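What follows is the residue order along each chain.
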Amino acid sequence: MFGRINGVIFVVLLFITSYLGCIFLLFPVVPFLFLAPSLWRKLDWLFLFNVLYKIDPLLLTTEKISLKAPLKRIPGAGWAMSAGSYIFLERSFERDKTNMAEIIEYYKKSGNIYQLLLFPEGTDRGVRAAAQSEAYAKKNGLCVYDYVLHPRITGFNYLLNLMRQQNYISYIYDITLAYEDVIIDSEMTLLKEGVFPKNVHFDIKRYNIDEIPTDPQQSGKWLTDLWQGKEKKLKELRGISKSYPSLAVQFQVKTQGIGYYLTAALWITKSAVWLYLMYLYNSVRIYVLFVSLFYMVVLRHYNGLEFLAIKWFRSKRKSV
């Protein structure tokens, strides 16, 4: 019962703070899209990631993520990620390859260096995805996995080739996550049960881009071999039960301490003030409606704020 309440509170606060943050913090700097497109990309400090912060706080300004396209349509969080020029995939290669090409070219020509978090499986290992992966494996004579999904080789090869053509990749970091107690396989699990893993273990290995084959078949085999290794590694960890191997580096990422409390209090207070202003003044309600419509119109006509940024960025380059 309490777990579900915690999950609901977490999701509600996440939605409210991200939505109001897009309205009152992000929208006022949208003019930078046209006035200074390269500077606009520097506003990514809005997106915080605990692990990157623990490694190097500056990494928070350079993280990009490849996500499922429907997430872009979420008011607030989706708008913010679109403003950050994340890569949203429709799972249709013919549509996705054009979007990927435009975004990677934009990253390169904007003069900024980013790291891109890619999920070659394309989704979480939920019940439906696991069944589809199993059917795919049986149809193609592949191993049936218990802990991972089969990666999508075509999209991986295309993105890898794009980044090589743009000279925009130096390393690939292979990251394997192991949850010590509970596995969160979807956002709905978090909402319904409100459970969080006690510990999350990261296994990270860096590959120089020169180590990755340039031939598509060979790079595809490299990827599938990597996933076979992940399956074996996770199976071994599960067999160890609670006695996980010691880590080279341990981050105490706990939502405790004055910094976390101040951050939570700040966002809750700001959101409460914004809601109160909306309650008091018609002008604020009109502003919120206008900004919400702006994001929805941009999504409808330009496929998101990132592609509006690309359009203006190209026009600025042509005028120089």
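Residues numbered from 1 in each chain as written. Predicted model: local features only at pLDDT ≥ 70, side-chain atom pairs only at ≥ 80, totals over all residues. Heavy atoms only, no water.

## Observations regarding helix H12 (residues 282-302)
- With 21 residues, H12 ought to run about 30 Å at 1.5 Å a step, and its terminal C-alpha atoms sit 30 Å apart, in line with that.
- Of the positions making up H12, those classed as buried are Val 284, Val 288, Val 291, Ser 292, Tyr 295 and Val 298. Taken down its axis, H12 places every buried residue within 125° of arc, on the same side. Opposite the packed face of H12, turned more than 90 degrees from it, sit the exposed residues Asn 282, Ser 283, Ile 286, Leu 289, Arg 300 and His 301.
- Where H12 terminates, the next one or two residues include Asn 303, which has phi positive at roughly 70°. (Helix = DSSP H or I, 4+ residues; strand = E, 2+ residues; numbered from the N terminus. Expected span 1.5 Å × (residues − 1). Buried < 20%, exposed > 50% of the residue type's maximum accessible area, 1.4 Å probe, protein only. Arc of directions from axis to C-beta.)

## Structural notes on the packing of helix H6 (residues 93-109) against helix H8 (residues 153-165)
- Contact geometry for H6 and H8: axes closest at 10 Å, N-to-C directions at 25°. Taken together, the axes of H6 and H8 lie roughly parallel to each other. Seen from above, H6 lies across H8 with right-handed handedness. In this structure, H6 contributes Phe 93, Lys 97, Met 100, Ala 101 and Ile 104 to the contact, and H8 contributes Thr 154, Gly 155, Tyr 158, Leu 159, Leu 162 and Met 163.
- Residues that form the contact of H6 with H8 fall into these classes: eight nonpolar, two polar and one charged. (Axes fitted to C-alpha atoms, helices over the stretch in contact; angles between N-to-C directions. Parallel < 35°, antiparallel > 145°, perpendicular 65-115°, else oblique. Left-handed = near helix turned anticlockwise from the far one by under 90°. Contact = heavy atoms within 4.5 Å. Nonpolar A, V, L, I, M, F, W, Y, C, P; charged D, E, K, R; others polar.)

## A few points about the pairing of strand S1 (residues 63-68)
- Burial of S1 is extensive: five of the six residues sit out of reach of the surface.
- As judged from the three bridges shared by S1 and strand S3 (residues 115-117), these two strands associate in the parallel manner. Looking at S3, one finds that Ile 65 is bridged to Leu 117.
- The pairing of S1 with strand S2 (residues 87-89) spans three bridges and is classified as parallel. (Pairing = 2+ DSSP bridges.)

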